[in-house]
Amino acid sequence: MKRLVRTLSLLALLISLAPAQKIGARTPYTTWALGPGWYFFLTQDAYTPLTEIDLSISGPEDFFFTPDGTLYVADTGNGRILRLGRDYAVQASYGEGVLDSPTGLYIDQDGTMYIADAGSDTIVILDRLGNLVSRFGRPSELLFGVDNEFLPRKIAVDARRNLYIVSEGSTNGLVVMNTDGHFIGYFGANPANMSLKMILQRMFLNEEQLAQFIKNEAASPSNVTIDFEAMIFSVTAGTTPENSIRRYTVAGRNVFPMTAGSGSFRDVHVSENGLVTAVDADGEIFEYDLLGMPLFLFGAKDQGDQRLGALRNPTAVERYQNRIYVLDKDKNAIVIYQSTHFADLVHDGVRLYMKGYYLEARPYFEEVLRYNGSFIMAYKAIADAYFKAGDYQNALVNYRYAEDRHGYSEAYWELRNAVLQRDLAGGILALAGLFVIQGLWKRFDRRHGWTNPLKTWFVGLSRRKWVDDLLFLFSFIKHPTDGYYYIKKKQRGSLGFALLIYLWVVIVRVSSLYLTGFIFNRYANFSQIRAENEIAYILLFLFLWNVANYLVSTISDGEGRVRDVVIGTAYSLFPYALFALPLVLLSNLLSMNEKLLFTFSFNVIWAWTGLMFFLMVKEIHNYSFGETVRNVFMTIFTIAIMLLTGYILYVLFFQLFDFIGALFREVQLRG
């Protein structure tokens, strides 16, 4: 027993003498990757927290890696630039007595330091030894703007030593200057977002009233970097997440597509392998390829538990080799993340893919799919490899998995073209043979009357009510005005057959969700389809239209009865019911090149159906043209009021039930 006590005491002593460690699990966050439906799905860890380097600095705002692995840190609170070695020990300090509060830093290949000094609102250039080369502030050129302020916060420098400066609050974009402090121009301004509300305000309010509103100005870039191809990247906090990262051509045109992002990005970095890494204020790290495809999303906010890998106030991000470095202002530390084998496979594949080596990249992405079968970019890369190799069938399958409609269309076009070249002549001969056979059949049928019994049987069948209603549809579609007259006079059509048409429309709509060709289908796979919702929407619209139109017509001298409106509405839907499904089936034979044909045909169907609705209102209620227009708009307005009322009632009843539930739980607790 005494031996056990001595052992436990020794163990407690060793624990008390051990150095303090960061508390937490290995990864205090989950990792997400883009998957089916272009949604983010949980995946294996792409990066694991390696270590956290505490530095003797104060409120750092920026840092920079040189190609040889030397790290420079902008020690903002102490007004200096620190150079760290590979062991993260301080090797040198620059700018003391010259810098006030450096917030932006860029080091060129000669070791020259370009610094945005927020404390003095100047740009400071130091040589590799820290000697002052140049210092300048607000440009004096008139093109800069008389009232524009110069508040430099971040900086990047291209190969020609043009300085791209983030000036806080600048709505004109990045400020471009040379090393002598002369203003060259503005570059990469963000577009101003104009909402419908703002458009209406500008239309109806005078200048005095508009002056009372906040001006609609473009957001100011919040950080800037330059990639290995000398193209400028910027991030903008406070804008829409889809447009927060921008990549500019020499002409200032953004070529980075809309993609999943964040509205609070702090910094962005682009590696020589084409990996774009950005960090936001919430400690989340986003990784993309150069085409804007999201690769990984991970990271977490430090809530005070000091878990390794969680961030408190990130201000800058860098990548060196297979590690990501994030500068945390509040921690005065650098958090380092190490890529996993899974992420390395993705990165190796992306590196080859971005260079156009599709066939060489394919094995990497095939291995990626063994780890995560939902990694959608892998399917696209594999599809491109098959396409380049001329294996269009496998390319087609993988483009479908990748939900890449353009790639699918290209592969399908190649396959269809091969079939047409092989079978087109035989198909034309077969059609010609059918026409000849049809002509001979008609000639012999007129001579011998082979189909006369069938014609007699069909005439007798057409006297049945439902068959007559069906035949009436085809005469109705050619002469709708006469058809509505017959419906109104109860000479043709029936309520039972109208309900059958409604069912027909529902079936066509639901079937079109599943049968539309992949290229033109908004759903990439059947699991995304909510058929019950589509059915509910259709039935709700038909119910509201019939009710609203009848109610409006009763107060505007309409002659139509409920029966007339219900039957007339059903017959008005016949163009859609008749032609939509064949067009949907035809879409499976079309490529993206025939998209205009498909969309135009469907627009014709919708226009035709809308015209039938208009004629129905006019003929059923015996309106003039102007009265019909007014009735249609009033019907639409009434439907909107009904929906709004229903929504308000839903919210009120939900709150009532929630209140009753809370009251019941309170009684249970106190009882």
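Below is a summary of the structure that appears in this document. As the structure is a computational prediction, the values presented were derived from the model and not from experiment.

## With respect to the overall build of the protein
In terms of helices and strands, the protein carries 17 helices and 25 strands. Of the contacts formed within the protein by residues at least 6 apart in sequence, a portion of 54% connects residues at least 24 apart.

## Focus: the environment of Tyr401
In this structure, Tyr401 sits in helix α7 (residues 392-402). Residue Tyr401 is classed as partly exposed on the basis of its relative accessible area, which comes to 49%. Sequence separation between Tyr401 and Ala378 is 23 residues, and the spatial gap between their C-alpha atoms is 9.6 Å. Those residues in contact with Tyr401, other than ones at most four positions away along the chain, are Ile376 and Tyr379.

## Focus on helix α12 (residues 495-515)
The end-to-end C-alpha separation of α12 is 30 Å, in line with the 30 Å expected for 21 residues at 1.5 Å each. Considered for burial, the residues of α12 that qualify are Phe497, Ala498, Ile501, Tyr502, Val505, Val506, Val508, Val510, Ser512 and Leu513.

## A short note on the nonpolar core
Membership of the largest hydrophobic core comes to 96 residues, with the highest contact counts inside it found for Phe296, Tyr337, Phe365, Phe375 and Tyr571. Per-element accounting of this core gives the leading share, 10 residues, to helix α16 (residues 595-620). Counting 38 residues, the second largest nonpolar core, distinct from the first, contains Ile107, Ala116, Ile155 and Leu174.

## Section: unusual backbone geometry
With a phi angle near 55°, Gln306 is a residue other than glycine that sits in the positive phi range. If you trace the backbone, Gln306 turns up in the loop between β22 (294-299) and β23 (314-320). Classification of Gln306 by relative accessible area gives partly exposed; the value is 38%. Positive phi, normally seen in glycine, also occurs at Asp557, with a value near 60°. Tracing the backbone shows Asp557 in the loop between α13 (531-554) and α14 (562-572). Note on Asp557: relative accessible area 70%, which makes it exposed.

## Re the side chain of Arg246
As for its position among the elements, Arg246 is in strand β18 (residues 245-248). Of the side chains with opposite charge, Glu242 comes closest to the buried, unpaired Arg246, at an N-O distance of 10 Å. Polar side-chain contacts of Arg246 include one of 3.0 Å to the side chain of Tyr248. Look past the residues within four positions of Arg246 in its chain and what remains in contact with it is Asn190, Pro191, Ile232, Phe233, Ser234, Asn254 and Phe256.

## A word on the pairing of strand β17 (residues 232-235)
Here β17 shows two buried faces, one formed by Ile232 and Ser234 and the other by Phe233 and Val235. For strand β16 (residues 223-226) and β17, the ladder comprises 4 bridges, and the chain directions are antiparallel. Of the residues in β17, the one forming a bridge with Val224 is Ser234. In this antiparallel pair of consecutive strands, β16 and β17, the connection spans 5 residues, and Ala230 shows a positive phi of 65°.

## A short note on the packing of helix α5 (residues 358-371) against helix α6 (residues 376-388)
Across the interface, α5 lies against α6 with an axial gap of 8 Å and an inter-helix angle of 145°. α5 and α6 meet at a crossing whose hand is left-handed. Within the contact between the two elements, α5 uses Tyr358, Leu359, Arg362, Phe365, Glu366, Val368 and Leu369 and α6 uses Met377, Ala378, Tyr379, Ala381, Ile382, Asp384, Ala385, Tyr386 and Lys388. Looking at the contact of α5 with α6 residue by residue, the classes come out as 12 nonpolar, no polar and 4 charged.

## Let's talk about the sheet that holds strand β15 (residues 183-187)
The strand order β12-β13-β14-β15 describes an open sheet built from 4 strands, whose pairing is antiparallel. Edge strands, defined here as strands with exactly one partner in the open sheet, are β12 (152-157) and β15. Between one strand and the next, the sheet's axes are offset by a mean angle of 25°, whatever the strand orientation. Two elements, β12 and strand β13 (residues 163-167), share 5 bridges in a ladder whose sense is antiparallel. Each residue of the ladder has a partner; that of Pro152, found in β13, is Ser167.

## Things to note about α16
For α16, built from 26 residues, the straight-helix expectation of 38 Å at 1.5 Å per residue is met to within 8% by its first-to-last C-alpha distance of 37 Å. After α16 finishes, the residue Asn622 shows a positive phi value of roughly 60°.

Rules behind the numbers
- Residues numbered from 1 in each chain as written.
- Predicted model: local features only at pLDDT ≥ 70, side-chain atom pairs only at ≥ 80, totals over all residues.
- Heavy atoms only, no water.
- Helix = DSSP H or I, 4+ residues; strand = E, 2+ residues; numbered from the N terminus.
- Contact = heavy atoms within 4.5 Å.
- Buried < 20%, exposed > 50% of the residue type's maximum accessible area, 1.4 Å probe, protein only.
- Expected span 1.5 Å × (residues − 1).
- Core = buried A, V, L, I, M, F, W, Y, C linked by side-chain atoms within 4.5 Å.
- Lys, Arg positive; Asp, Glu negative; His and termini not counted.
- Salt bridge = Lys/Arg side-chain N within 4 Å of Asp/Glu carboxyl O.
- Polar contact = N/O pair within 3.5 Å; in protein donor to acceptor, adjacent residues only side chain to side chain.
- Pairing = 2+ DSSP bridges.
- Axes fitted to C-alpha atoms, helices over the stretch in contact; angles between N-to-C directions.
- Left-handed = near helix turned anticlockwise from the far one by under 90°.
- Nonpolar A, V, L, I, M, F, W, Y, C, P; charged D, E, K, R; others polar.

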